[in-house]
Every structure is written in structure tokens, then in C-alpha cells.
2 protein chains.
Amino acid sequence: MKYRGKVIVTLKPGVFDPQGVTIRNALHTLSFREVEEVKAGKYLEIILESENRSQAEKRIQEMCDQLLSNPVIESYSYQLEEIKN
Amino acid sequence: MKYRGKVIVTLKPGVFDPQGVTIRNALHTLSFREVEEVKAGKYLEIILESENRSQAEKRIQEMCDQLLSNPVIESYSYQLEEIKN
């Protein structure tokens, strides 16, 4: 079975986010004054082969823990969907 | 009213994604051989003040068109939720 994992990696609350601050300032300059805060993160779509859904979830979590996120400063969430041919 | 826009920006199909290729190769090196493809994108959370939901949607779309995405090579999607105090 083929699965698509949609992973979102964000900075943990309290971690300084210079990219988000820069984007917020740029939006203010473009007259989007109503923007109060911007948080920047990463989005990753992972296509993988797996025997079943729970195995795919386990592997996605391992990837996040080992490579895709830095557990000291980042947290992640993901959604998993089956790809039907 | 206060809203949280969750924006995902991804490369359009066919646009070369060197970051995704690099992450896929790194996952293979870490023995995640079942990974077929990785697509890298951006995730942005935007907190904004707005009169109502449709106004907030309109402004988020304008931000995406003007700053957050490059319409030549990227597409975006978003979800909007009201922040209740």
C-alpha cells in the first residue's frame, strides 16, 4: 500500500522565530496592518510504501524524530492518507 | 474578531524540488528505504484581526498572492479558524 504523509514542523512555543518576525514586518510594510503574529514552519509531503496504516504512522514518526524535526526546539504533527491507484 | 490562518505553500507539479530530493536521500541513508518521494514546502501560521470570516479569507489570499507565495512556481492552500478568547 502507498501512503502520503503530510508533516508540519513548527517551533515550540517560546522559541525565537526570526523568520516569522521578518514575514510579519514585511506584511506590515505591504499594509497588512491587521497581522498580529506570524509563525514560520516547514511542510513536508512524504510518499512511502508500507504494509498497513499503523506501520506507515510508526515510520513517519521515526522520520520526524530522527531527521525531519529537531525535538529540542520543534514539534511536529502529521496526517496520513492512503493513495489509491 | 481574531483569526488564525494556517497556510501551506508548495511547489507546483513539475517544478524541481532540490530540498525534497535531499531529504529523500537523507531518509534513504537512514534506512527509510520505503520513501519514494519527498516534497518540501512552507507552513505559515498567521494571527490576524478581521471583521468577519470572509474578510479574513480575502486578506489571507491577498497576502499569499503578494508575499507568501511565488505564483509562478508555487501554489498555496489555507485553513482559517476563529480564535475564541
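Criteria and cut-off values
- Residues numbered from 1 in each chain as written.
- Chains lettered and ligands numbered in written order.
- Predicted model: local features only at pLDDT ≥ 70, side-chain atom pairs only at ≥ 80, totals over all residues.
- Heavy atoms only, no water.
- Helix = DSSP H or I, 4+ residues; strand = E, 2+ residues; numbered from the N terminus.
- Buried < 20%, exposed > 50% of the residue type's maximum accessible area, 1.4 Å probe, protein only.
- Polar contact = N/O pair within 3.5 Å; in protein donor to acceptor, adjacent residues only side chain to side chain.
- Contact = heavy atoms within 4.5 Å.
- Least-squares fit on C-alpha atoms with pLDDT ≥ 70 in both.
- Pairing = 2+ DSSP bridges.
- Buried area = accessible area lost by both parts, 1.4 Å probe.
- Salt bridge = Lys/Arg side-chain N within 4 Å of Asp/Glu carboxyl O.
- Axes fitted to C-alpha atoms, helices over the stretch in contact; angles between N-to-C directions.
- Parallel < 35°, antiparallel > 145°, perpendicular 65-115°, else oblique.
- Nonpolar A, V, L, I, M, F, W, Y, C, P; charged D, E, K, R; others polar.
- Arc of directions from axis to C-beta.

**Q** Give me the side chain of Arg59(A): which residues, what numbers.
**A** By the element assignment, Arg59(A) lies in helix H2 (residues 53-68). Since its relative accessible area comes to 15%, Arg59(A) is described here as buried. Within the structure, the side chain of Arg59(A) is placed 3.2 Å from the backbone oxygen of Ser31(B), a separation counted as a polar contact. Setting aside residues up to four positions removed in sequence, Arg59(A) forms contacts with Leu48(A), Ser31(B), Phe32(B) and Glu34(B).

**Q** Could you give an account of the relation of the copies chain A and chain B, naming the residues involved and the relevant values?
**A** Each copy superposes on the other: chain A lies on chain B with an RMSD of 0.0 Å after a rotation of 180° and an axial shift of 0.0 Å. One copy is carried onto the other by what is essentially a two-fold rotation axis. The fraction of interface residues of chain A whose copies in chain B are also interface residues reaches 100%, indicating that both copies meet through the same surface.

**Q** Kindly report on the pairing of strand E2 (residues 35-49) of chain A, identifying the contributing residues and their values.
**A** Here nine bridges tie strand E1 (residues 2-11) of chain A to E2(A), and the two strands are oriented antiparallel to one another. Within the sheet, the bridge partner assigned to Tyr3(A) lies in E2(A) and is Leu48(A). Here E2(A) runs beside strand E2 (residues 35-49) of chain B; their pairing, made up of 13 bridges, is antiparallel. Its bridge partner being in E2(B), Lys39(A) is matched across the sheet by Glu45(B).

**Q** For the interface of chain A and chain B, give the residues involved together with the corresponding values.
**A** Opposite the 31 residues of chain A that make contact, chain B presents 31 residues. Between chain A and chain B the total buried area reaches about 2,900 Å² when both faces are included, carbon and sulfur atoms providing 63% of it. When the shortest N-O distance is used, the salt bridge between Glu36(B) and Lys2(A) registers 3.1 Å. Joining chain A to chain B, the criterion identifies 16 residue pairs in polar contact (both at pLDDT 80 or more). Taken together, the elements giving at least two residues each to the side of chain A that touches chain B come down to E1, helix H1 (18-29), E2 and H2 of chain A. The dominant element in the side of chain A that touches chain B, judged by the number of residues it contributes, is E2(A), at 15 residues.

**Q** Residues and numbers for the pattern of salt bridges, please.
**A** Should their charged atoms come close, side chains of opposite charge can pair. This structure, assessed with the given rule, holds 18 salt bridges over all chains. Here Glu81(A) and Lys6(A) are joined by a salt bridge, their closest N and O atoms 3.8 Å apart. Taken together, the residues span a long stretch of sequence, with Glu81(A) in strand E3 (residues 74-83) and Lys6(A) in strand E1 at a distance of 75 residues. Between Arg59(B) and Glu34(A) there is a salt bridge whose closest N-O contact spans 2.5 Å. You can see Arg59(B) sitting in helix H2 (residues 53-68) and its partner Glu34(A) sitting in the loop between H1 and E2, one on each of two chains. Comparing Arg59(B) with Glu34(A), the two get one shared label, buried. Through salt bridges with shared partners, a single network forms among Arg4(A), Lys6(A), Glu45(A) and Glu81(A).

**Q** Please give an account of the packing of H2(A) against helix H1 (residues 18-29) of chain B that cites residues and values.
**A** Between H2(A) and H1(B), the shortest axis-to-axis distance is 11 Å and the interhelical angle comes to 105°. Accordingly, the angle class assigned to the pair H2(A) and H1(B) is roughly perpendicular. Judged by residue contacts, Met63(A), Leu67(A) and Leu68(A) of H2(A) engage Ile23(B), Ala26(B) and Leu27(B) from H1(B). Its residues assigned to classes, the contact of H2(A) with H1(B) shows six nonpolar, no polar and no charged.

**Q** I'd like a description of H2(A), backed by residues and values.
**A** Listed in full, the buried residues belonging to H2(A) are Ala56(A), Arg59(A), Ile60(A), Met63(A), Cys64(A) and Leu68(A). All buried residues of H2(A) project into a common sector of 145° when viewed along the axis, lining one side. Buried residues belonging to H2(A) abut E1, E2 and E3 of chain A together with H1 and E2 of chain B.

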